[in-house]
Amino acid sequence: MPPFLRLPPCDAPVFGHVHHRAQAGYYAGIVESAYLYDELSSEIIADGCHLPAPLLQLAYRHIGPQRLVLVTDAMRGAGQTQGESILGSLENGQRVILEDGVAKMPDRTAFAGSICTADRLVRTMVTLAGASLPDAVRMITETPARVLGLSDFYGRVEAGRAADLAVFDHTVRIAMVFKDGAVCFENREEAFQ
């Protein structure tokens, strides 16, 4: 592996960097490395806004659920659908607009951040990327736990592991949440309909 790739294991934010130009041509950069080196895992904000369906499909098909980590990268406005929020500190932060599934700068010329929730990441990977539900769940649970070195306790449902679970309904919306094996949230409207 080239020396510039000897970085922590989850250091290739897919599609977050530009290609590098070398004199008369191009050479592989961090994006291409995510596809070429099996030792690397890659993070994506799979909200359907930061990356369109074709790029989600490309990452899923060619990086795969064993190396692809779904991240919300969410800000304070996570889970809201529209309105305003503050990016950064409440006192000195940046006012942002929440619309179209993402936080935008006030002039609407750029994204300001993600307002995505983990269940939305799973739904988006299934609906836009064509991921199977087990693969989408793996990318938000088992894969990040392994990348972070926490796979002995998190990431899978097995005896001796953390009993922190989210239960989806048939539309992949949160129906129940367990923390340490006890129900801490139940959406009676959504639960198992």
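Attention in this report is confined to the structure presented alongside it. (Residues numbered from 1 in each chain as written. Predicted model: local features only at pLDDT ≥ 70, side-chain atom pairs only at ≥ 80, totals over all residues. Heavy atoms only, no water.)

## Describing the side chain of Lys 104
Position of Lys 104 among the secondary structure elements: in strand β7 (residues 102-104). Here the side chain of Lys 104 touches Glu 99 through a polar contact of 3.3 Å, side chain to side chain. Reaching out from Lys 104, the side chain makes a polar contact with the side chain of Asp 100 at a distance of 2.6 Å. What Lys 104 contacts, discounting residues up to four positions off in sequence, is Val 96, Ile 97, Glu 99, Ala 110, Phe 111 and Ala 112. (Helix = DSSP H or I, 4+ residues; strand = E, 2+ residues; numbered from the N terminus. Polar contact = N/O pair within 3.5 Å; in protein donor to acceptor, adjacent residues only side chain to side chain. Contact = heavy atoms within 4.5 Å.)

## Here's the deal with the sheet that holds strand β5 (residues 83-87)
Taken in spatial order, the four strands line up as β5-β6-β7-β8 in an open sheet, and their pairing is antiparallel. Edge strands, defined here as strands with exactly one partner in the open sheet, are β5 and β8 (111-114). Direction aside, the axes of adjacent strands within the sheet are offset by 40° on average. One ladder, built from three bridges, connects β7 with β8; its direction is antiparallel. Residue pairing for β8: Ala 103 is matched across the bridge by Gly 113. (Pairing = 2+ DSSP bridges. Axes fitted to C-alpha atoms, helices over the stretch in contact; angles between N-to-C directions.)

## Some remarks on the packing of aromatic side chains
What the rule picks out here adds up to one aromatic pair. Plain terms: the ring middles of Phe 153 and Tyr 154 are 5.0 Å apart, the flat faces sit at 85° to each other, and that makes the pair edge-to-face. Under the relative-accessibility criterion, Tyr 154 is labelled partly exposed at 36%. (Phe/Tyr/Trp six-rings, centres within 6.5 Å; stacked < 30°, edge-to-face > 60°. Buried < 20%, exposed > 50% of the residue type's maximum accessible area, 1.4 Å probe, protein only.)

## Topic: the sheet that holds strand β9 (residues 165-168)
Read from one edge of the open sheet, three strands run β9-β10-β11, paired in antiparallel fashion. In this open sheet, the two strands that pair with only one neighbour each are β9 and β11 (182-186). Within this sheet the neighbouring strands show an average axis-to-axis angle of 25°, counted without direction. Bridging between strand β10 (residues 174-179) and β11 involves four bridges; their strand directions are antiparallel. Counted as the bridge partner of Lys 179 is Ala 182 from β11.

## What about the pattern of salt bridges?
Scanning all chains against the criterion turns up eight salt bridges. Taken together, the shared-partner salt bridges connect Glu 99, Asp 100, Lys 104 and Arg 108 into one network. (Salt bridge = Lys/Arg side-chain N within 4 Å of Asp/Glu carboxyl O.)

Scope: geometric values only; no functional claims are made or implied.
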